[in-house]
Every structure is written in C-alpha cells, then in structure tokens.
Amino acid sequence: MFNRIIRIMATAAGCALILSGCSLRLDPVETKSTAPAGAIGFSAGSSALLLHDAIPTKGGIDLKEAFDKASDDPLVGAANADNFFVFGAKTVSGTRYNVFDGPKVTLKNTGASAVDSSDDTWEYSPLRFWDDNASQYDFLAISGPASAAGITCNPAGSGHIRASLTYSPTVAQYDLLAAGAQRSDGTVTPVALSFQHVLSAVRVEIINESPSIEVVVNSYGFRNICTSATGTFEQSGNGLSTMSTSDWSTPAYNGSVVLGQSGASDPLAKGGTYSLPADKWDLMIPQELTPYGDYIPQLMLDYEYDQENNLGILEHNNPVFPIRLDQIKVKNSDDLITSWEPGKKYNYEIHIRLGGGIVVTVAVTDWNEIPAETPGLTL
C-alpha cells in the first residue's frame with residue numbers, strides 16, 4: 001500500500017528529524033549523551049506520514065508533511081507540540097507486565113537550523129529502561145489524537161496489544177495512524193515502528209462543464225454516513241494487523257447533511273470549479289457505503305442556474321438531490337465502490353453538464369499513489 005519510507009527516531013531524551021523534499025523523513029540516530037544508558041527508544045515511520053495542523057469541525061482538514069511544532073516554541077507550547085503515544089509490555093518468566101501506558105513523546109525543540117533538523121530533540125517522562133530478564137517486548141503506538149485519554153488499552157493483557165478509540169469526524173478531525181512492533185532478540189536498539197493510516201480521506205470537486213450557462217454551487221455534503229465509531233488497532237507480531245471496515249464497531253449514522261463545503265460560489269463559467277481549499281480533505285471513518293437499515297449513504301449537491309425554457313422564458317433552477325455513494329464503478333470493471341477503506345484517498349469529481357445530466361467520477365488511491373480514474377456515474 002505504501003510507496004515511501006519515512007523513519008522517526010524517538011529516544012528517551014530525543015531523536016533526530018531529517019526533512020527531505022516535501023515528505024517527512026526521520027532517521028534513527030545515536031542516543032544523545034544526555035540520555036541514560038539502557039533507555040528504551042523508538043525508530044518509527046510511515047510511507048506517507050501526514051499529520052494535521054489544525055482540528056476543524058468543518059471545511060476540511062489541511063494535511064501536514066513535517067514535524068515542526070516544538071514545545072520550546074513560545075507560539076506553540078507543550079500542549080500543541082507534535083507528539084505520539086506508546087503502549088508497551090514486557091514478558092518475564094511467562095508473565096506480562098505493563099511498561100508503557102500511553103506516555104506522550106513530544107518534540108521539544110527543532111534545534112538551531114531550520115533546514116538541518118538532526119539536532120531536534122524529542123522527550124517523554126518518566127523514562128523506561130530495558131529489562132535484561134525480559135524474553136519479549138510488545139509495542140503499540142498511536143498518533144493523531146490530542147491526548148491518550150480516549151484510548152483504551154491494557155498492554156499487559158494476553159495476546160497481542162490491542163487499543164480502541166472512538167472517532168467522530170463531525171466533532172474533531174485528525175489524521176489517525178497506528179503502528180505495532182515486537183522485540184524478542186534481546187537487542188536494545190531503537191524499536192522499529194511502521195505507522196499506517198487507519199482513516200479514509202475524501203475530497204469533492206464540482207466542475208461546471210456547461211458550454212454557455214453559469215452555475216452557482218451552494219454546497220455539497222454527506223448524508224446517512226457513519227459519523228461515530230470505535231476503531232480497534234492491534235499489534236500483530238512486529239507490525240500492525242491489517243485493518244478493514246470491520247475493525248470499526250458500534251457505528252452511529254447521521255441523517256443530516258454533514259462535512260463537505262457550504263457557502264455559495266461565484267458564478268462558475270465552463271471549467272469553473274467549486275471545492276474545499278487546495279489539499280484539504282474530510283477524514284472519514286472507514287465504512288460500508290451500501291444501505292445500513294434506513295440509511296443510504298449519499299453525496300448531497302445543491303446548485304442553481306438560469307436557463308431559457310422552450311418558450312424562451314428565462315427560468316431559475318435550484319436542483320438539490322442525492323447521489324448514492326455505492327453506485328460508482330471502478331474503472332474498466334463492473335465493481336462498485338461500496339466502501340471507504342482505511343488508508344485510501346477518494347477524490348470525487350462531479351461534472352455538471354446542463355442538458356446532459358451530471359457525471360460523477362472518483363479517483364481512488366492508496367495514500368500517496370497515482371490516481372486511478374473510475375468511469376463515473378451519470379445522473
């Protein structure tokens with residue numbers, strides 16, 4: 001699923017970040033001399049580590065491509081600094097013991113150079129140390145939420161470490177990532193974590209294709225979708241268990257029109273586009289798009305235009321109608337896009353062609369892969 005490798009180094013006293021291009025790269029470095037010997041550290045990353053700059057309740061989320069918010073910055077402070085949370089356990093003589101119960105690993109400062117981030121410092125407290133008597137360590141890490149308060153996890157429980165978290169995109173949106181790891185060879189090098197996106201990113205663009213008629217788009221939004229559910233993330237050996245829509249339980253569906261974009265556009269001539277600001281997305285709960293009881297997931301569109309009728313009289317039109325989300329086919333096949341899957345981006349395009357209906361297409365990609373266009377749905 002993933003194309004790029006990005007590594008994060010977080011030691012007991014710090015780690016180094018190396019920013020390359022527009023993607024975030026953080027490579028393991030030696031523990032700084034200020035760190036006590038034997039402290040547990042982490043080497044972690046993702047193929048597309050995109051975190052949030054803000055947590056809006058509407059208007060989409062602006063994806064972030066670098067760790068650059070440090071607690072020592074007076075304009076940021078500890079509460080808003082970049083961070084992630086770690087859960088971990090050790091096994092000694094066949095018994096599991098809690099080691100990490102969700103402490104926050106925080107970016108303390110970005111060092112002297114804004115370009116070379118090798119002198120960045122990360123920290124967490126209290127420090128944890130390797131136990132020579134332990135035969136195995138297990139870890140689960142979560143990035144995205146503002147705190148670990150909403151995460152339920154018992155690291156010392158039997159089996160793989162599992163955590164659960166309720167996500168509600170209409171309350172607060174953030175890029176949620178998770179990673180798992182295991183250590184059983186007795187080494188004390190940084191533990192390798194590979195973060196994976198566990199939400200679905202959705203974006204909509206509305207394009208006027210009418211050759212001579214201007215269109216004003218008032219809004220688009222989603223109706224009858226799941227807007228609250230509890231995700232379960234499980235460490236599976238030295239990684240994270242593969243996730244699907246079935247890993248989200250206790251779904252709550254919303255019959256109102258939510259998320260998307262509202263506010264009338266300027267008149268759109270041919271080729272004019274209405275959408276969220278560039279690079280903003282709605283981060284959704286992975287879910288089935290087929291009907292759920294009385295709920296039929298829909299994309300609602302509200303636009304207006306003036307057009308002469310058969311008698312040459314100018315009429316004002318204001319169509320407001322639903323587009324079923326489960327009726328769009330994948331390109332060159334009869335397969336329908338019947339779900340939003342974890343780690344996928346869905347870029348919907350709605351082409352308004354007055355006199356010729358509305359054509360809906362969608363590009364479906366893994367988080368950073370080249371889009372594959374679907375043939376579309378004509379209404």
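As shown above, the structure is provided for reference.
In short, a report on the structure. Numbers given to residues run from 1 along each chain, matching the order in which its sequence is written. Given that the model is predicted, a residue must reach a pLDDT of at least 70 before its local features are reported, and side-chain atom pairs must reach 80 or more before they are shown or counted; all residues, however, enter totals for whole chains, interfaces and linings. Excluded from the side-chain calculation are hydrogens and water; included are all heavy atoms of the structure.

Structural notes on the overall build of the chain
Thinking step 1. In this description a helix means any DSSP run of H or I spanning at least four residues, a strand means any run of E spanning at least two, and both kinds are numbered starting from the N terminus. Across its full length, the chain holds zero helices and 31 strands.
Thinking step 2. Burial status follows relative accessibility: with a 1.4 Å probe on protein chains alone, a residue under 20% of its type maximum counts as buried, one over 50% as exposed, and anything between as partly exposed. Out of the 379 residues belonging to the chain, those deemed buried represent 51%.
Thinking step 3. Whether two residues are in contact is decided by their heavy atoms: any pair within 4.5 Å suffices. Within the chain, counting contacts between residues at least 6 apart in sequence, those at least 24 apart form 68% of the total.

What to know about the packing of aromatic side chains
Think of a pair of aromatic rings as described by two things: how far the centres are apart, and how the planes are tilted against each other in angle.
Thinking step 1. Only Phe, Tyr and Trp rings are paired, with Trp represented by its six-membered ring, and only when their centres lie within 6.5 Å; those with planes under 30 degrees apart are stacked, over 60 edge-to-face, the remainder tilted. As enumerated under the stated definition, the model contains 12 aromatic pairs in all.
Thinking step 2. Consider the rings of Tyr 137 and Phe 139, whose centres lie 6.0 Å apart with planes at 5 degrees: the pair is stacked.
Thinking step 3. The class of Tyr 137 is buried, set by a relative accessible area of 4%.
Thinking step 4. The class of Phe 139 is buried, set by a relative accessible area of 0%.
Thinking step 5. With 6.1 Å between their ring centres and 75 degrees between their planes, Phe 233 and Trp 248 make a pair best called edge-to-face. Of this pair, Phe 233 sits in strand 18 (residues 225–234) while Trp 248 sits in strand 19 (residues 248–254); the two residues are 15 residues apart in sequence, bridging distant segments of the chain.
Thinking step 6. Relative accessible area serves as the criterion here: at 7%, Trp 248 is assigned to the buried category.
Thinking step 7. An aromatic cluster is built from Phe 100, Trp 130, Tyr 137 and Phe 139, whose rings are joined through pairwise contacts.

Topic: the pairing of strand 13 (residues 177–183)
Walk down a regular strand and you will see the side chains alternate between the two sheet faces.
Thinking step 1. With six of seven residues buried, strand 13 is to be regarded as a mostly interior element.
Thinking step 2. As paired elements, strand 10 (residues 136–143) and strand 13 share seven bridges and run antiparallel to each other. Bridging from a neighbouring strand, Asp 138 pairs with Gln 182 of strand 13.
Thinking step 3. At least two DSSP bridges between two strands are needed for those strands to be called paired. The pairing of strand 13 with strand 15 (residues 196–197) spans two bridges and is antiparallel. Across the sheet, residue Leu 177 finds its bridge partner in strand 15, namely His 197.

Observations regarding the nonpolar core
Thinking step 1. The biggest cluster of nonpolar side chains holds 33 residues, and the ones touching the most others in it are Ile 206, Phe 222, Tyr 303, Trp 340, Tyr 348 and Ile 350.
Thinking step 2. Going through the elements one at a time, strand 16 (200–208), strand 17 (216–223), strand 20 (258–262), strand 24 (298–308), strand 28 (344–352) and strand 29 (358–366) are the ones with two or more residues in this core.
Thinking step 3. Sequence-distant contacts of Tyr 303, defined by excluding residues within four places in its chain, comprise Val 215, Val 216, Val 217, Asn 218, Asn 317, Asn 318, Pro 319, Phe 321, Ile 352, Leu 354 and Ile 358.
Thinking step 4. Working definition of a nonpolar core: buried Ala, Val, Leu, Ile, Met, Phe, Trp, Tyr and Cys residues. They are joined through side-chain atoms within 4.5 Å. Counting 28 residues, the second-largest nonpolar core is a separate cluster that includes Phe 85, Leu 140, Tyr 174 and Ala 229.

Shape descriptors only; they carry no functional weight alone.
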